[in-house]
Amino acid sequence: MSANAKRILCIEDDTETAALIAEDLRERGYEVASAHNGLDGLNAIFKSPPDLVLADINMPVMSGFTLLERLTAQEPRHARMPLIFLTALADHDSKLKGWNLGADDIVTKPVDFDMLAAVIRARLERVARSAVWPAHIELAPRERETLTWSARGKTFSEIGEILGLSRRTVEFHIDSARRKLGVRTRTQALIKAAVGQLIDL
């Protein structure tokens, strides 16, 4: 195993599934640790933060949803650590809750290992790109909020209703963010802010 191998923590209560995932990822060159419930997983993250977390949603002791909520609340410094949910729940509400809590991706079980590997690689490469992001681009809270909702496909009017702002004020904040990001169009601003992880998608 390379000394530079990326470290992945797999939090999965089904020991057979966890073992299969770990075996496949080790064959692809990753260093893999496992935990079998959300609480043990959370403690493992605090003890030795991995480069990426895979977490089942339905687990004993602490669910994947609660894990992510605790992680976000207690350790903001881990906000850029990718977290991918694994779930047998294909229903819309569970996936929507995962996205709203800030999950980076949601992979449905039974796991397609090639698909999972592609998702992991994409997330780790995104983090690597953000490491060379121009330092300290400071967006105001309203600029982040309006950009985030715009990136989620909301119109200026809809963003105004969500945030209690006028359409004109929404446009003002997005244009202000665009100037700070040093781009010519709002679309370029959304892309640059998303790639640099300056907004939450």
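Peer 1: Go over the overall build of the chain, please, and point to the residues and values.
Peer 2: If you tally the helices and strands in the chain, you get nine helices and five strands. Helices and strands in the chain line up, N terminus first, as β-α-β-α-β-α-β-α-β-α-α-α-α-α. Taking all 201 residues of the chain together, 44% fall into the buried category. Counted over contacts in the chain with a minimum sequence separation of 6, partners at least 24 positions apart contribute 64%.

Peer 1: Describe in detail the sheet that holds strand β3 (residues 52–56), supporting the description with residues and values.
Peer 2: Taken in spatial order, the five strands line up as β2-β1-β3-β4-β5 in an open sheet, and their pairing is parallel. Whereas interior strands pair on both sides, the edge strands pair on one side only; in this sheet they are β2 (31–35) and β5 (105–108). Neighbour to neighbour, the strand axes of the sheet diverge by 20 degrees on average, direction disregarded. The sheet contact formed by strand β1 (residues 7–11) and β3 spans four bridges and is parallel. Note that in β3 the partner of isoleucine 8 across the bridge is leucine 52. Along the sheet, helix α1 (residues 15–27) makes contact with β1, β2, β3 and β4 (83–87), crossing β2 at roughly 170 degrees. Those strands touched by helix α3 (residues 64–74) are β1, β3 and β4, and its axis lies near 165 degrees from that of β4.

Peer 1: Which residues make up helix α2 (residues 38–47), and what values do they have?
Peer 2: Looking at α2, one finds that the buried residues are Gly38, Gly41, Leu42 and Ile45. All buried residues of α2 lie within an arc of 100 degrees about the axis, which places them on one face of the element. On its buried side, α2 packs onto β1, β2, β3 and α3. The N-cap of α2, judged by a side-chain oxygen 3.0 Å from the amide nitrogen of leucine 39 a few residues on, is asparagine 37.

Peer 1: Describe the pairing of β1, and please don't skip the residues or the numbers.
Peer 2: Counting buried positions along β1 gives four out of five residues, so the element sits mostly inside the fold. With five bridges connecting them, β1 and β2 associate as parallel partners. Of the residues in β2, the one forming a bridge with leucine 9 is alanine 33. Each parallel crossover has a hand, and the one from β1 via α1 to β2 is right-handed.

Peer 1: Explain the confidence of the model for the chain to me, using residue names and the numbers behind them.
Peer 2: Interpretation of this model should avoid reading the predicted coordinates in detail wherever pLDDT is low. Residues of the chain with pLDDT of at least 70 account for 88%, and the chain-wide mean is 85. Looking over the chain, one finds the lowest element-wise mean pLDDT in helix α4 (residues 92–101), namely 78, and the highest in β1, namely 97. pLDDT under 50 marks residues 131–135. Its contacts with residues more than four places away, or in other chains, come to three contacts.

Calculation criteria
Residues numbered from 1 in each chain as written. Predicted model: local features only at pLDDT ≥ 70, side-chain atom pairs only at ≥ 80, totals over all residues. Heavy atoms only, no water. Helix = DSSP H or I, 4+ residues; strand = E, 2+ residues; numbered from the N terminus. Buried < 20%, exposed > 50% of the residue type's maximum accessible area, 1.4 Å probe, protein only. Contact = heavy atoms within 4.5 Å. Pairing = 2+ DSSP bridges. Axes fitted to C-alpha atoms, helices over the stretch in contact; angles between N-to-C directions. Arc of directions from axis to C-beta. Polar contact = N/O pair within 3.5 Å; in protein donor to acceptor, adjacent residues only side chain to side chain. Right-handed = clockwise from strand over helix to strand, strands pointing away. pLDDT = per-residue confidence, 0-100.

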